[in-house]
Amino acid sequence: MVIFSATRHGIEFGLFEQTNIQRLVDDRTVEEEILYAQPDVDRQKARNICGAMMFEGDNALKKVSVLSGGEKSRVMLGKLLAEPVNILLLDEPTNHLDLPAITWLEEQLCDFRGSLVLITHDRRFLQNVANSIAELDRGHLTLWRGDYQGFLRHREQALQAEH
């Protein structure tokens, strides 16, 4: 997972990649990882983010070295919450997450006030989060405004009309 923030014309990007949790520092606690994510994050904000990531109370003081892969993914996603971004680029964010963590992520993304570009194979997650779909199939881009189930119905009707 890589997180970066790049300012260009008022755009703040946050990137989550599925395979790069080694960017976390094993000797830090969950809380410290959030504190170091952004200079203006104070301890209270870090604790609020930890709680939102299901690291409440003393769990926020766990060392990164003892966390599971899913917990590390939640820490990386929490670091994104600490960043003032308006565009999130997420590559398979539900990998290694259990159902409560996925539900938490869905809630966070539904409350996010920026733009979200999401790559996922998790159809339930897509249904619950996306309000527009872009499908690239054999070099052809199809855009759909609406949820995933509506997109599937539209695509099926288009295929039937072709035959």
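Please refer to the structure placed before this passage.
Rules used in this analysis
- Residues numbered from 1 in each chain as written.
- Predicted model: local features only at pLDDT ≥ 70, side-chain atom pairs only at ≥ 80, totals over all residues.
- Heavy atoms only, no water.
- Helix = DSSP H or I, 4+ residues; strand = E, 2+ residues; numbered from the N terminus.
- Buried < 20%, exposed > 50% of the residue type's maximum accessible area, 1.4 Å probe, protein only.
- Contact = heavy atoms within 4.5 Å.
- Salt bridge = Lys/Arg side-chain N within 4 Å of Asp/Glu carboxyl O.
- Core = buried A, V, L, I, M, F, W, Y, C linked by side-chain atoms within 4.5 Å.

Some thoughts on the overall build of the protein chain
Along the protein chain, the regular secondary structure elements total six helices and six strands. Listed N to C, the secondary structure of the protein chain is β-β-α-α-α-β-α-β-α-β-β-α in terms of helices and strands. Relative to its full complement of 163 residues, the protein chain shows a buried share of 39%. A sequence separation of at least 24 residues applies to 54% of the contacts in the protein chain between residues at least 6 apart.

Details of the side chain of Glu-31
Take Glu-31: it is sitting in helix α1 (residues 30-35). Judged by its relative accessible area of 6%, Glu-31 falls in the buried class.

Here's the deal with the side chain of Thr-94
Tracing the backbone shows Thr-94 in the loop between β3 (87-91) and α4 (99-111). Not counting residues up to four positions away in its chain, the partners in contact with Thr-94 are Ile-102, Thr-120, Asp-122 and Phe-125.

Some words on the environment of Asn-48
Mapping Asn-48 onto the fold places it in helix α2 (residues 43-52). For Asn-48 and Leu-77, which are 29 residues apart along the polypeptide, the C-alpha to C-alpha distance reads 14 Å.

Thoughts on the pattern of salt bridges
Counted under the stated rule, the structure contains eight salt bridges. Here Arg-47 and Glu-31 are joined by a salt bridge, their closest N and O atoms 3.4 Å apart. With Arg-47 in helix α2 and Glu-31 in helix α1, this residue pair connects regions lying 16 residues apart in the sequence. Relative accessible area serves as the criterion here: at 26%, Arg-47 is assigned to the partly exposed category. In this structure, the salt-bridge partner of Lys-62 is Glu-71, at a minimum N-O distance of 3.5 Å. Under the relative-accessibility criterion, Glu-71 is labelled buried at 17%. One salt-bridge network, held together by shared partners, links Arg-28, Glu-33 and Lys-79.

With respect to the nonpolar core
Core analysis: the largest hydrophobic core is formed by 30 residues, its most contacted members being Ile-34 and Met-53. Of all elements in the fold, only α1, α2, α3 (69-82), β3, α4 and α5 (123-129) reach the threshold of two or more residues within this core. Among residues more than four places away in sequence, those in contact with Ile-34 are Val-41, Ala-46, Ile-49, Cys-50, Met-53, Val-75, Gly-78, Lys-79 and Ala-82. If you look at the next biggest cluster of nonpolar residues, it comprises five residues, including Leu-126, Ala-130, Ile-133 and Phe-151.

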